[in-house]
Protein chains: 2
Amino acid sequence: MVTVHDVARAAGVSISTVSRALTMPERVAAPTRDRVTAAARELGYRPNRAASVLRAGRAGAIGLVVPDLANPYFAAIAKGAQARARERGLGLFVVDSDEDPDLETEAVAGLAPQTDGIVLCSPRAVERSVEALEGRPVVLVNHEVDGLPSVVADHGAGMLRALEHLRALGHRRVAYVGGPERSWSDGRRRTGLRAAAVRLGDVELVELGPHRPQVAGGHAAADLVLASGATAVVTFNDLVAVGLVERVRVRGLDVPGDLSVVGCDDAYVAELLAPPLTTLRTDLRSAGRAAVDHLAARAGRSGHDLGDAAVVLPVELVVRGSTAPPRPTLHDDPDDDAVPTEDT
Amino acid sequence: MVTVHDVARAAGVSISTVSRALTMPERVAAPTRDRVTAAARELGYRPNRAASVLRAGRAGAIGLVVPDLANPYFAAIAKGAQARARERGLGLFVVDSDEDPDLETEAVAGLAPQTDGIVLCSPRAVERSVEALEGRPVVLVNHEVDGLPSVVADHGAGMLRALEHLRALGHRRVAYVGGPERSWSDGRRRTGLRAAAVRLGDVELVELGPHRPQVAGGHAAADLVLASGATAVVTFNDLVAVGLVERVRVRGLDVPGDLSVVGCDDAYVAELLAPPLTTLRTDLRSAGRAAVDHLAARAGRSGHDLGDAAVVLPVELVVRGSTAPPRPTLHDDPDDDAVPTEDT
DNA sequence: GTGAAAGCGCTAACAA
DNA sequence: TTGTTAGCGCTTTCAC
C-alpha cells in the first residue's frame, strides 16, 4: 500500500506537504504541488479513507438507505444519487434495509459514523433512524418530517392532473387503489385526490385499500373497483395497475373500454404493457441528485439553518393507451366534454 | 460520540478489555464481559469502523460493484449479497459503475482499502479492476478469469435446455439474438447453443447480433429473425425478447403462432407480458449469496488456495406462453415430434 | 510555504 | 484474565 510517506519521499517533501497538496492545493506553491501530484500519480497513491475519516472527521462519502434495491423506484433514486455523488467527488454507500424498520435503523447507525450524511428513502422508522444519526446531516426522500430537509414529489399536483385528465375524458366516478397502510406517499395521494375532487366539483372519488404495492395488490383490488361503479381508477403504483388490468381482463372486461387506468411512477413496465399505461411520472434520478446536493450544501455547516427546506419535484402526467372516454350510458351528459361551468 | 474510553470508565475496566469483550468475548471472564456489554449497550456505544479498519486491517465489510443498479438483474444479485452479508455480520457497500470501465476500476480502487474483499459483477474491465485490488480477495460474478474465484450461471446447460424444448415442439431452425459484443455471458450462450445444436443434430442455428441488451435491441433484431426463416428464437435477455415480440406484432405476425420466443433471466417483466415469456431462470439472489460466502470463506487466508474454484449455478427453463409448435408447412416432417433418431 | 509533531479511536503485542 | 502501550495513515495546528 502506498502511503503519504512514500509520496513524500518520492517528491522530496514532508508528509504534511503531501497532504496539503492533495486536499488544499491552493495552499501549496505550484512547483511543489506539481511534484507531489506527479509522484502520487506515478506511485498510484490512493488516500486511505479510513485514516482520513478517523483523523479529519470528514468521510468524503455519503450513505443511501433504501427499503428495497430490487424495486425500480429506489434503483432509479440510487442511480441519480450515485451519479451526482461522483460528480461531486463523494463516495456513495448504498444499503438495502429490506423493508425492515429495525434493519433500517441499524443501517443508519452503522453508516452514520463513516459518512458525512445520510439520504434516507421512504423511511419505515423515521424517528428511530433519525435518532440513530446523532445529529448528523440527513435528507429524507419521499417522506416529510418537520424540521428535516426532504425531497418529495408533488403528489397533490399529480393527483389533480390525473383527475383533470379523467374528467376531461368524461369520467365522473373515479376510484383510488391505495398502497401500504403506513405509506407517507399514499397519504399524500389520498389528500391530493380529495382536494382535486373538491376543486373539480363534479368528480366523485371512491377510496379503496390499503393494498400491497405489487401486482397481487392489483388483482385483489380489481373486483372492488368494478363493483364500485367507477369508470376510471388511479392506482398507488404501476405494478398495482398491472395486476388490476390483468384481473379486469379475466372478468371479461376491457381496458380502457370498460375501465380507464392511471398508474403512478412510470416504472418501465408501464410502456411495455398492452395497452401502455397512462401514468404519473416523477424524475426519480433527479430526486437522488437533489438529495445529494442538499447534503453536500449542508456539509460543513453545523446548525440546521436551512435544514427544513423541502425540495418538491414536479409530477408529469404521461398519457398512453390505458385511459379513454367511458362507454356511453343512459345518464350520459352531452356537456361532459365542454369547459366546466361553475360548480353545479 | 461514545468511545471505548467511555465504556471502559463506565464498566470500570481498561479500554483493551472493552475491545476484547466486544470482539473476542471468549477471552474475557464472563462477569467482566457482562459488565462491559451492559455498559456498551447503556451508552449506545458503536465501534468506529474507520478506526478499527485503520488499526486491524479488517473492515468487517465487503464491497459490491455492479454496472447498473437499475437493471433488475444486478438488483437481484445485490439483494442476495446484502442479505447474506447481514447474516454474517458483515457490512455491504454497493457501488454502481454506470457501465463505465474506468469508473469500475475507480470504484474497486476506492472500495478495496476499506473492505475485506470485493464482489465484482459482470466486469467491464476485469484486468485493470483486479489489478486495482492489489491482491485483496475478489469474487467475480457472471464472468470467469483463470485463477480467480467466480460465481456463474450454467449457460451451457441452459441453452441446451432451451433448444431441447424448442426441438420437442418441432422447431428445426432457431435464431439467437445476441447481446453486447464484449459480454462474457453472450459468449457463453453462443458456445452453449452451438454445442447444443451439434448434440441435437437436427436443429439449425442462426446467430444474430450483437444487439443492445434492451427493448430497442429486440426491435432492431426482429426483422432479421423473421427474414432468417427461423421459427423460434432465443434472446440475450428478457428485455430483448419484449422488443422482439412488439416488433413481430407490428409486422402483423403472432407470438407464439408465427414465432416462438425464449428469453433469458426471468426478469419480472417476463410474466407480465401477453403472452407470458418462456425464459431461462437463474436464482440471482443465490448468486449474490454464494459470492459473499466465497469471500467470507477466504477472509483471513492469505494465499489463493482454493481461489480459482467456480461456483456454477443451475439454470432452469420456465415454460410459459411464448413458445408453441411451429405452424405446419409443406416441408413438415411427420417424424418431428418423435424421439430423435441418430444423426441423419 | 513548508516541516515537525500530536493525535483521531481502535486493536494487538507484550507485561503483569 | 486484565492493563499498558505502540502505532494504523492521515490531517492539522503550530512553529519556523
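Residues numbered from 1 in each chain as written. Chains lettered and ligands numbered in written order. Predicted model: local features only at pLDDT ≥ 70, side-chain atom pairs only at ≥ 80, totals over all residues. Heavy atoms only, no water.

The name given to chain A in an unreviewed UniProt entry is LacI family transcriptional regulator, with Isoptericola peretonis as the source organism.

S.K.: Describe the overall build of chain A, listing the residues and the values that go with them.
M.R.: Check the secondary structure of chain A and you find 13 helices and twelve strands. Computed over the C-alpha atoms, the radius of gyration of chain A is 26 Å, more than 25% above the 20 Å expected from 2.2 N^0.38 for a compact globule of 344 residues. The principal-axis extent of the C-alpha atoms belonging to chain A is close to 90 × 40 × 35 Å. The burial tally for chain A puts 52% of its 344 residues in the buried class. Residue pairs in contact within chain A that sit at least 24 positions apart in sequence constitute 69% of those at least 6 positions apart. In chain A, the 38 positive side-chain charges and the 46 negative ones have mean positions that sit 9 Å from each other. (Helix = DSSP H or I, 4+ residues; strand = E, 2+ residues; numbered from the N terminus. Rg over C-alpha atoms; globule rule 2.2 N^0.38 Å. Buried < 20%, exposed > 50% of the residue type's maximum accessible area, 1.4 Å probe, protein only. Contact = heavy atoms within 4.5 Å. Lys, Arg positive; Asp, Glu negative; His and termini not counted. Charge placed at Lys NZ, Arg CZ, Asp CG, Glu CD.)

S.K.: Describe the protein's contact with DNA strand D, and please don't skip the residues or the numbers.
M.R.: The environment of DNA strand D is made up of 25 residues, and the closest members are V4(A), S16(B), T17(B), T32(B) and R55(B). For DNA strand D, the backbone makes up 54% of the atoms found within 4 Å of the protein, where backbone means sugar plus phosphate. One of the side-chain N or O atoms of S19(A) is found 2.9 Å from a phosphate oxygen in DNA strand D. Contacts to DNA strand D include T32(B), whose side-chain N or O atom sits 2.3 Å from a phosphate oxygen. If you list the elements that add at least two residues to the surface near DNA strand D, you get α2 (15–23) and α4 (49–56) of chain A together with α2 (15–23) and α4 (49–56) of chain B. A per-element tally of the surface near DNA strand D places α2(A) first, with five residues. A per-class count over the surface near DNA strand D returns ten nonpolar, ten polar and five charged. (Near = heavy atom within 4 Å. Polar contact = N/O pair within 3.5 Å; in protein donor to acceptor, adjacent residues only side chain to side chain. Nonpolar A, V, L, I, M, F, W, Y, C, P; charged D, E, K, R; others polar.)

S.K.: Just give me the short version of the pairing of strand β9 (residues 260–264) of chain A, but keep the residues and values in it.
M.R.: Residues and elements named next belong to chain A. Extensive coverage of β9 is indicated by the burial of five of its five residues. Pairing of strand β8 (residues 232–235) with β9 involves three bridges; the strand directions are parallel. Paired with V233 across the strands is V261, a residue of β9. As paired strands, β9 and strand β10 (residues 278–281) are joined by three bridges and run parallel to one another. When the sheet's bridge partners are listed, G263 is paired in β10 with T279. (Pairing = 2+ DSSP bridges.)

S.K.: Account for helix α10 (residues 215–227) of chain B, with residues named and values stated.
M.R.: Between its terminal C-alpha atoms α10(B) stretches 19 Å, which fits the 18 Å expected from 13 residues at 1.5 Å a residue. The largest bend in α10(B) is about 35°, located at A221(B). When we look at burial in α10(B), the residues that qualify are V215(B), G217(B), G218(B), A221(B), A222(B), V225(B) and L226(B). Summarising the contacts, the buried residues of α10(B) are in contact with α12 (269–272) of chain A together with β6 (173–177), β7 (204–208), β8 (232–235) and α11 (238–250) of chain B. A positive backbone phi angle near 80° is found at G229(B), which sits one or two residues after α10(B). (Expected span 1.5 Å × (residues − 1). Bend = angle between axes of the 7 residues up to and from the residue.)

S.K.: Can you explain the UniProt feature "domain: HTH lacI-type" (unreviewed entry) in chain A? Please cite residues and give values.
M.R.: Within this structure's numbering, the places UniProt gives as "domain: HTH lacI-type" (unreviewed entry) are residues 2–56 of chain A. Overall, residues 2–56 of chain A shows 71% helix and 0% strand. The separation of its end C-alpha atoms is 20 Å. (UniProt positions renumbered as here; feature names shortened; annotations may be inferred.)

S.K.: Before we move on, can you summarise the environment of L317(A) with the specific residues and values?
M.R.: Residue and element names in this part refer to chain A. Looking at the element boundaries, L317 is found in strand β12 (residues 316–318). Between the alpha carbons of L317 and R161 there is a distance of 6.6 Å; along the sequence they are 156 residues apart. With near-sequence residues (within four places) excluded, L317 lies in contact with R161, A162, H165, V262, T278, T279 and L280.

S.K.: Now, about the domain arrangement of chain A: what can you tell me, with residues and values included?
M.R.: Residue and element names in this part refer to chain A. When the domains of chain A are assigned, the result is domain 1 (4–47), domain 2 (55–153 + 285–314) and domain 3 (155–281 + 317–326). Placing a centre on the C-alpha atoms of domain 2 and another on those of domain 3 gives a separation of 30 Å. Counting residues at the interface gives seven residues for domain 2 and five residues for domain 3. Taken together, the two surfaces of domain 2 and domain 3 that pack against each other cover about 650 Å², and 55% of this comes from carbon and sulfur. Joining domain 2 to domain 3, the criterion identifies zero salt bridges. Counting the contacts that link domain 2 with domain 3 gives one residue pair in polar contact (both at pLDDT 80 or more). (Domains from an automatic or database assignment. Buried area = accessible area lost by both parts, 1.4 Å probe. Salt bridge = Lys/Arg side-chain N within 4 Å of Asp/Glu carboxyl O.)

S.K.: So what about the relation of the copies chain A and chain B? Which residues, and what values?
M.R.: When chain A is fitted to chain B, the residual RMSD is 0.2 Å, and the transformation amounts to a turn of 180° plus an axial shift of 0.1 Å. What the rotation and shift describe, once combined, is the action of a two-fold rotation axis. Across chain A, the smallest distance between a C-alpha and the rotation axis is recorded for A50(A), namely 2.2 Å. Comparing interface residues between copies, 100% of those in chain A also lie at the interface in chain B; the contact surface is shared. (Least-squares fit on C-alpha atoms with pLDDT ≥ 70 in both.)

S.K.: An account of the interface of chain A and chain B is needed here, citing residue identities and associated values.
M.R.: Each partner contributes residues to the interface: chain A has 42 residues there, and chain B has 43 residues. Counting the surface chain A buries against chain B, the share from its top three residues, K79(A), Y268(A) and L272(A), is 16%. At the junction of chain A with chain B, the criterion picks out seven salt bridges. Between K79(B) and D96(A) there is a salt bridge, with its nearest N and O atoms 3.0 Å apart. Taken together, chain A and chain B are joined by ten residue pairs in polar contact (both at pLDDT 80 or more). Of all the secondary-structure elements, those providing two or more residues to the side of chain A that touches chain B are α4, α5 (72–87), β2 (91–96), α6 (101–111), α11 (238–250) and α12 of chain A. With six residues, α5(A) is the single largest residue contributor to the side of chain A that touches chain B. For the side of chain A that touches chain B, the per-class residue count stands at 25 nonpolar, five polar and twelve charged.

S.K.: Can you tell me about the state of the cysteines, naming the residues and giving the values?
M.R.: For the structure shown, the criterion picks out zero disulfides over all chains. Free of any disulfide, C121(A) has its nearest neighbouring cysteine sulfur in C264(A), separated by 18 Å. (Disulfide = S-S within 2.5 Å.)

S.K.: Residues and numbers for the environment of P25(B), please.
M.R.: All names here are of chain B. Tracing the chain through its elements places P25 in the loop between α2 and α3 (30–43). On the basis of relative accessibility, which here comes to 32%, the residue P25 falls in the partly exposed class. Separated by 267 residues in the primary sequence, P25 and V292 place their C-alpha atoms 25 Å from one another. Not counting chain neighbours up to four residues away, the residues in contact with P25 comprise R20 and R33.

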